[in-house]
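An overview of the molecular structure
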Amino acid sequence: MVKKNIPNCITLVNLFMGCCALASVLYGQFVQAFFFSMASGVADYLDGTVARVMGTKSPIGEQLDSLADMVSFGVVPGAILYMLLVKGNAGPDVLPIELTLAASPAFLVSLFAAIRLAK
């Protein structure tokens, strides 16, 4: 039972690092977000490798991996692009709703990541 959950725990590290990267992006700390994203990528590589080496596979593990990847490699890049577009379009005469509408196409990255992961 414990053996089966080791890759899932590593996947949760991927998800945690993705959440930390997202929080960093929201505070404008892009360098910190980069390092969290790199750690997320390492965890994503390790969870699959460990699962193969240990010969463990589970439906929940597959779903958990897709969800973690969606946050780490779908939502975070979309949020980075969104924040960069907001900062680039910000000005004294620009309303917040205008910024949101102008930058919202950045989340197309997230949408296409979801489609890719669903396949």
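Residues numbered from 1 in each chain as written. Predicted model: local features only at pLDDT ≥ 70, side-chain atom pairs only at ≥ 80, totals over all residues. Heavy atoms only, no water.

Moving on to the state of the cysteines. Taken as a whole and assessed by the stated rule, the structure comprises zero disulfides. Lacking any disulfide linkage, cysteine 9 is separated from the closest cysteine sulfur, that of cysteine 19, by 16 Å. Given the relative accessible area of 46%, cysteine 9 is considered partly exposed. As a non-bridged cysteine, cysteine 20 has cysteine 19 as the owner of its nearest cysteine sulfur, 7.0 Å distant. (Disulfide = S-S within 2.5 Å. Buried < 20%, exposed > 50% of the residue type's maximum accessible area, 1.4 Å probe, protein only.)

Okay, the environment of glutamine 32 next. Position of glutamine 32 among the secondary structure elements: in helix H2 (residues 30-54). On the basis of relative accessible area, glutamine 32 is assigned to the partly exposed category, the value being 35%. Residues glutamine 32 and cysteine 20, twelve residues apart in the sequence, show an inter-C-alpha distance of 8.9 Å. (Helix = DSSP H or I, 4+ residues; strand = E, 2+ residues; numbered from the N terminus.)

Under the counting rule described, the total for this entry stands at one salt bridge. We note a salt bridge from glutamate 62 to lysine 57, for which the minimum N-O separation is 3.7 Å. Judged by relative accessible area, which is 69%, lysine 57 ranks as exposed. (Salt bridge = Lys/Arg side-chain N within 4 Å of Asp/Glu carboxyl O.)

Let's shift gears to the side chain of threonine 11. In this structure, threonine 11 sits in helix H1 (residues 2-26). Those residues in contact with threonine 11 that sit more than four places away from it in its chain are Asp47, Leu64, Asp65 and Ala68. (Contact = heavy atoms within 4.5 Å.)

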